[in-house]
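Chain and residue survey
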Amino acid sequence: MPLVAQVFYFIIYLILQVVLVQKVVLFDVAFCFLYLGFLLMLPFEAGAIRLMLMGLLMGLCVDIFYNSLGIHAAASVFIMYLRPHAVSIIAPRGGYETWMTPKLKVMGFEWFSIYSLLLIFLHHLLLFFIEAGGFGNFFYTLLKVLASTAFTFMVIVIIQYLFYSARRSI
Amino acid sequence: MNILFQFLYTYRALVLFVVLELVCVWLIVQNNRYQSAAFFNSANTVAASVTQTSNEVSNYLYLKEANESLSEENARLQQELRQLQQQLSLPSMRAAVPAEVEQQYTFQAAQVINNSIHNSKNYITINKGMVDGIRPGMGVIGPNGVVGRIRSASDHFAVAISLLHTNMLVSAVVGDTDAFGSVKWNGRDPQIANLDYIARHQKVAEGDTIFTSTYNSIFPAGIPIGVVTEVSLSDNATYYDIKLDLATDFSSLSYVYVIRNRLKQERDSLESISIN
């Protein structure tokens, strides 16, 4: 993926997150962190170091708008560190081909949903418990994690169907 | 030494991961302080202008509510003004009060451009900043009651800690009694807060209004905080468990006032001298 396209997608996802989705909270508990879509779409060949730096950058930008400096960054760096491991655990039979990208239309719904649900869940788990500052209100925070995981996943899947094609370039 | 470098290189991803997470933890800890620099939050000029632009659009949807709440406030203030004018017309009320005591509090109106209510630490971004005389530590009230306190300010914007923030405490008093306590949000329902530290010998009933007390230098005394909805006292507890319905509706907050206390510095320095 060329650098220009990556910068473009970074900005688009960030603006959508802070202008549109930040205000949408369903049933008081389901938040949408759409910007994870950008981090999940980074190509397979990106190493853990590049992924983590992208996660940090995106996390910090989102944090500035959420007044939660460091929290989104910590959660994003965490899942970006785990991403290569997760990808290798859920590798399809025969491994990955060089032309593959982690998009829904390329990898299929089953692979994509395991991949993104796992990482989104871990991200939200860390995010909401750091934000709550501990395990007080444990079940309420857990409810937020689960509801938000479902919400974020749904929005990311819809965007995959609407805007991403199966072609090589992102 | 070579082996060390080789080791670091082999585990470079893990090392970077640990370093980055430590940086994040440091940022989170820094950010939890009561007052902070305005660069890395939504008072930052770029972030605030993006938020303001998007807010200008969504504001049209709430114009009616904002209008109603402002006109109600207007009517209430008119009434209070008339009462005070009548009182002042009596010669006995015109005692010699120094101007800075008489005008101890000044109010600066501001528009809310960003507001969250669903997190456990909520913040409010407003469109007035250092240029308008806003400084960290000042109190913020809305048309109906207490809203929060300023946490950081840039030139033209400021971020306030909402009352809906699990670390925010406001010194409070029950109605006309002398039962002092502190109001703290429980982190869940944006309309309900707890009133702690009301001792068991005090009389508190459902329906009592809770006001800000004189025990703080941020808010003037007598600003409404909420109305008591639930009182319970277990047999061996020292304090009541009191829940209140907050006076401010945080979900439709559009205009607020930032309070400047001219005598705050004098009071705080006097109190700190007396303590040391």
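As the structure is a computational prediction, the values presented were derived from the model and not from experiment.

To continue, consider empty space enclosed by the protein. Scanning the model with the defined rule gives 3 cavities of 30 Å³ or more in all. The volume enclosed by the second largest cavity comes to roughly 50 Å³. For the second largest cavity, the full set of lining residues is A:Val18, A:Val19, A:Gln22, A:Lys23, A:Phe65, B:Val50, B:Thr51, B:Ser54 and B:Asn114. Elements with a minimum of two residues in the lining of the second largest cavity: helix H1 (3-20) of chain A together with helix H3 (45-59) of chain B. Of the residues in the lining of the second largest cavity, the class split is 4 nonpolar, 4 polar and 1 charged.

It is worth spelling out the nonpolar core at this point. Of all hydrophobic cores here, the largest spans 66 residues; its most connected members are A:Tyr13, A:Phe38, A:Leu39, A:Met52, A:Met58, A:Phe112 and A:Tyr115. Beyond its immediate sequence surroundings of up to four residues, A:Leu39 is in contact with A:Met54, A:Gly55, A:Met58, A:Ser76, A:Met80 and A:Arg83. Formed by 51 residues, the second largest nonpolar core is a distinct cluster that contains B:Ala48, B:Ala193, B:Val204 and B:Leu246.

Turning to the domain arrangement of chain B, a few remarks are in order. Along its sequence, chain B is organised into domain 1 (2-27) and domain 2 (35-87 + 105-261). One C-alpha centre belongs to domain 1 of chain B, the other to domain 2 of chain B, and the line joining them spans 43 Å.

Before going further, it helps to spend a moment on the interface of chain B and chain A. On the chain A side, the residues contacting the 31 residues of chain B number 32 residues. A buried area of about 2,900 Å², summed over both sides, lies between chain B and chain A, and 64% of it is on carbon and sulfur atoms. For the pair chain B and chain A, the number of links is 0 salt bridges. At the junction of chain B with chain A, the criterion picks out 4 residue pairs in polar contact (both at pLDDT 80 or more). Here the side of chain B that touches chain A gets 11 residues from one element, more than from any other, and that element is helix H2 (residues 12-31) of chain B. The residue makeup of the side of chain B that touches chain A, split by class, is 13 nonpolar, 14 polar and 4 charged.

The next point concerns a nonpolar patch on the surface. Residues and elements named next belong to chain B. A cluster of nonpolar residues, Met1, Leu4, Phe5, Phe7, Leu8, Tyr11, Leu14, Val15, Val18, Val19, Leu22 and Val23, forms a patch on the protein surface that exposes about 1,100 Å² of accessible area. The set of elements that each furnish at least two residues to the nonpolar patch consists of helix H1 (2-10) and H2. Broken down by element, the residue count for the nonpolar patch peaks at 6 residues, all from H2. In this fold, Tyr11 is placed in the loop between H1 and H2. When its relative accessible area of 42% is taken as the criterion, Tyr11 is described as partly exposed.

Residues and elements named next belong to chain B. Reading around the circumference, S1-S2-S5-S4-S3-S12 is the order of the 6 strands in this closed barrel, with antiparallel pairing throughout. For this sheet, the mean inter-axis angle between neighbouring strands, taken without regard to orientation, is 45 degrees. Both strand S4 (residues 146-153) and strand S5 (residues 158-165) contribute to a ladder of 5 bridges, which runs antiparallel. Directly across from Ala153, in S5, lies its bridge partner Ala158.

Scoring rules and cut-offs
Residues numbered from 1 in each chain as written. Chains lettered and ligands numbered in written order. Predicted model: local features only at pLDDT ≥ 70, side-chain atom pairs only at ≥ 80, totals over all residues. Heavy atoms only, no water. 1 Å grid on protein atoms, 1.4 Å probe; cavity = no way out; pocket = protein on both sides within 12 Å on 5 of 7 lines; lining within 4 Å. Points joined across faces, edges and corners; volume = space filled by probe spheres on them. Helix = DSSP H or I, 4+ residues; strand = E, 2+ residues; numbered from the N terminus. Nonpolar A, V, L, I, M, F, W, Y, C, P; charged D, E, K, R; others polar. Core = buried A, V, L, I, M, F, W, Y, C linked by side-chain atoms within 4.5 Å. Buried < 20%, exposed > 50% of the residue type's maximum accessible area, 1.4 Å probe, protein only. Contact = heavy atoms within 4.5 Å. Domains from an automatic or database assignment. Buried area = accessible area lost by both parts, 1.4 Å probe. Salt bridge = Lys/Arg side-chain N within 4 Å of Asp/Glu carboxyl O. Polar contact = N/O pair within 3.5 Å; in protein donor to acceptor, adjacent residues only side chain to side chain. Patch = residues over 30% accessible without salt bridge, like charges linked within 9 Å, V, L, I, M, F, W, Y side chains within 5 Å. Areas by Shrake-Rupley, 256 points an atom, 1.4 Å probe, with all protein chains shown as cover. Pairing = 2+ DSSP bridges. Axes fitted to C-alpha atoms, helices over the stretch in contact; angles between N-to-C directions.

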